[in-house]
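Per-entry structural report
One-letter residues, chain by chain:
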Amino acid sequence: MTVLVLGGAGYIGSHAVDRLVEKGYDVAVVDNLVTGHRAAVNSKARFYEGDVRDQKFLNDVFDKEDIEGVIHFAAFSVVPESMEKPLKYFDNNTAGMVSLLEVMNKHNVKRIVFSSTAATYGEPKQIPIKETDPQIPTNPYGESKLMMEKIMGWSDKAYGIKFVALRYFNVAGAKEDGSIGEDHHPETHLVPIILQVAAGERKELSIFGSDYPTKDGTNVRDYVHVVDLADAHILALEYLKAGHDSNAFNLGSSTGFSNKEMLEAARKVTGKEIPAKMAPRRAGDPSTLIAASDKAREVLNWKPQFDNVEDIIRTAWNWKQTHPQGYNDRETK
Ligand code: NAD
Ligand code: UDP
């Protein structure tokens, strides 16, 4: 039996494919390479280039493969872009989920592990955020993902398709050996941008907002290492295979770091000055996001290996130094 990974050429998906292969799973990948990289996909996985919204293409893949479960990473995920182009997000993310569930149902595939996000909670009423807290997104990206969670909920009731929604907090880092890592164009996430400044590719870091009600006025986020995150998907798949009901889990460290603290940690890890300036707030940013992540630890038996941000930044810096141009495939895409 095969695990089908949608979006497996992307940053998180490629690490999940790699871990699945390492653990002996048979893996197939679907990706349209809109933001992903063919070179990021472990060579032991079969690769199908195409779009999740293309049901004919997806039906062909499901006909060819004997699929025991699906892990769904394929989506757009840039918060500020979603504020400007909300329909792009509802089309690719939300409509993509409808297409995938149609095909899964048609082929009697009844398990899906899904990349959800802390952005589904919006501005939290309490910290740390629990899975049962209200989900009121402050941006179209979070809304598109919340809709996807709800669509899976109704598809469970109607068709018995069981799901695990994994609500990631801030994902960073790279595989320890530096062979795969984060390569987005343009880069929008804090850690890779800080490291671009450290590497001399950018003049300075702009820290978005210094007047938030936090310890130093900058946003506070909860960072989780990409390989720990990848492992949680495998545990979630096994949880569904064991016959458990649909569920949702936060994935974070339960520790918050401000943007200024992340900058200081990166200065320490890289030994570089990393010039930075304060800039206006970025639209759609909640002030503080910290996960209560004991549920994943208790129910899925998730045991993250990376428990401090310096280690996370160190692995990202290793990837950056060994791959200054990322996958270097921009012309061929
Ligand atoms: P990414 O852009 O690197 O990966 C997404 C992958 O999906 C890419 O390879 C892209 O080519 C593919 N894709 C997108 N739309 C597709 C479509 N219609 N058909 C086929 N393939 C398609 O992003 P990432 O950072 O790896 O994030 C993966 C998932 O995790 C996303 O769903 C995102 O919403 C979620 N997430 C990410 C973070 C984070 O910090 N990176 C945090 C929370 C949630
Ligand atoms: N951020 C920043 N400068 C940048 C990129 C990000 O100050 O160049 C901040 C951003 O406003 C947020 C935090 O870093 O407070 C994390 O942002 P990111 O986009 O990495 O993840 P998000 O929390 O939006 O999922």
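All of these numbers come straight from a predicted model, not from anything done at the bench. Residue positions within a chain follow its written sequence, with the count starting from 1. The lettering of chains begins at A and the numbering of ligands begins at 1, in the order of writing. This being a predicted model, a pLDDT of at least 70 is required before a residue's local features are given, and a value of 80 or more before pairs of side-chain atoms are given or counted; all residues contribute to the totals for chains, interfaces and linings. Side-chain descriptors were evaluated using all non-hydrogen atoms of the structure, hydrogens and water having been removed beforehand.

1. Brief notes about the nonpolar core
- By size, the foremost hydrophobic cluster in this structure holds 39 residues, and its most contacted members are V27 and L166.
- Listed by contribution, the elements that provide at least two residues to this core are β1 (2–6), α1 (11–22), β2 (26–31), β6 (162–168), α7 (226–241) and β11 (247–251).
- Only DSSP runs of H or I reaching four residues or more are called helices, and only runs of E reaching two or more are called strands; each is numbered from the N terminus. At 10 residues, α7 tops the list of elements feeding residues into this core.
- Of the residues that make up this core, three or more belong to each of domain 1 (2–172 + 223–251) and domain 2 (190–221 + 254–322).
- What makes two residues a contact is simply this: any of their non-hydrogen atoms within 4.5 Å. Among residues more than four places away in sequence, those in contact with V27 are T2, V3, V5, V17, L20, V21, K44, A45 and R46.
- The definition of a nonpolar core used throughout is a set of buried Ala, Val, Leu, Ile, Met, Phe, Trp, Tyr and Cys residues joined through side-chain atoms within 4.5 Å. Partly exposed describes any residue whose relative accessible area lies between the buried limit of under 20% and the exposed limit of over 50%, with all areas from a 1.4 Å probe on protein chains only and scaled to the type maximum. In this structure, Y48, V61, M152 and A165 belong to the second largest nonpolar core, which totals 27 residues. For each domain, the first and last residues come from an automatic or database assignment.

2. What to know about the UniProt feature "domain: NAD-dependent epimerase/dehydratase" (unreviewed entry) in the chain
- UniProt positions are given in the numbering used here, feature names are shortened, and annotations may be inferred rather than shown by experiment. Mapped onto this structure's residue numbering, the UniProt feature "domain: NAD-dependent epimerase/dehydratase" (unreviewed entry) falls at residues 3–252.
- Within residues 3–252, the helical portion is 38% and the strand portion 20%, while the C-alpha atoms at the span's ends are 24 Å from each other.

3. Looking at the side chain of H225
- With respect to the helices and strands, the residue H225 is situated in strand β10 (residues 223–225).
- Polar contacts, as used here, are pairs of N or O atoms within 3.5 Å; protein pairs need one atom able to donate a hydrogen and one able to accept it. Residues neighboring in sequence count only if both atoms are side-chain atoms. Polar side-chain contacts of H225 include one of 3.2 Å to the backbone oxygen of A174.

4. Focus on the pairing of β2
- Among the six residues in β2, five count as buried, and that is most of the element.
- Across four bridges, β2 lies against strand β3 (residues 46–49) in parallel orientation. Across the sheet, the residue bridging to V30 is Y48, located in β3. Here, strands pair whenever DSSP counts at least two bridges between them.

5. A word on the site of ligand 2
- A molecule or strand has a residue near it when one of that residue's heavy atoms lies within 4 Å. Taken together, 14 residues sit near ligand 2, with L190, S206, N219, R282 and D285 positioned nearest.
- Between ligand 2 and F208, the relevant distance is 2.9 Å, taken from an oxygen atom to a main-chain nitrogen or oxygen of the residue.
- Surface accessibility follows the Shrake-Rupley procedure with a 1.4 Å probe radius. Residue values consider only the protein chains on display as shielding. For ligand 2, whose free accessible area comes to 520 Å², the fraction covered by protein is 89%.
- Of all the secondary-structure elements, those providing two or more residues to the shell around ligand 2 are α6 (190–198) and β8 (205–208).
- At four residues, the largest contribution of residues to the shell around ligand 2 is made by β8.
- When residue character is reported, Ala, Val, Leu, Ile, Met, Phe, Trp, Tyr, Cys and Pro are called nonpolar, Asp, Glu, Lys and Arg charged, and the others, Gly included, polar. A breakdown of the residues in the shell around ligand 2 according to their chemical character gives five nonpolar, six polar and three charged.

6. Structural notes on the packing of aromatic side chains
- When the centres of two rings from Phe, Tyr and Trp lie within 6.5 Å, Trp using its six-membered ring, the rings pair. Their planes under 30 degrees apart give stacked, over 60 give edge-to-face, and anything left gives tilted. One pass over the full model with this rule turns up five aromatic pairs.
- Taking the centre distance of 5.8 Å and the plane angle of 55 degrees together, the rings of F76 and Y89 count as tilted. Remark: Y89 occurs in helix α4 (residues 86–106) and F76 occurs in the loop between β4 (67–72) and α3 (79–84); sequence separation between them is 13 residues.
- An angle of 35 degrees between the planes, with centres 6.4 Å apart, marks the rings of Y121 and F169 as tilted. Placement of Y121 in the loop between β5 (111–117) and α5 (140–159) and of F169 in the loop between β6 and β7 (170–172) is noted, with a sequence separation of 48 residues between them.
- A relative accessible area of 1% means that Y121 is categorised as buried.
- Put simply, the rings of F76, Y89 and Y141 pair up and form one aromatic cluster.

7. Points about the pattern of salt bridges
- Here, a salt bridge means any side-chain nitrogen of Lys or Arg that lies within 4 Å of a carboxyl oxygen of Asp or Glu. Under the definition given, this model contains 27 salt bridges.
- A salt bridge links R19 to D231; the shortest N-O distance between them is 2.7 Å. Placement of the pair is R19 in helix α1 and D231 in helix α7, with a sequence separation of 212 residues.
- For D231, a relative accessible area of 14% corresponds to the buried category.
- For E68, the salt bridge goes to K241, with nearest N and O atoms at 2.9 Å. With a gap of 173 residues between them, E68 in strand β4 and K241 in helix α7 connect regions that are remote in the sequence.

8. A closer look at the packing of α6 against helix α10 (residues 309–322)
- Angles here are taken between N-to-C directions and fall from 0 to 180 degrees, while the axes themselves are lines fitted to C-alpha atoms, restricted in helices to the stretch in contact. Two numbers describe how α6 lies on α10: the axes approach to 10 Å, and their chain directions differ by 55 degrees. As the angle between them shows, α6 and α10 are arranged oblique. Crossing of α6 against α10: the hand is right-handed. Facing V191, L195, Q196 and A198 of α6, the residues of α10 in contact are I313, A316, W317 and K320.
- Class assignment for the residues of the contact of α6 with α10 results in six nonpolar, one polar and one charged. The cut-offs work like this: below 35 degrees is roughly parallel, past 145 is roughly antiparallel, 65 to 115 is roughly perpendicular, and the gaps in between are oblique. Note: crossing handedness is left-handed where the near helix turns anticlockwise from the far helix by less than a right angle, and right-handed where it turns clockwise.

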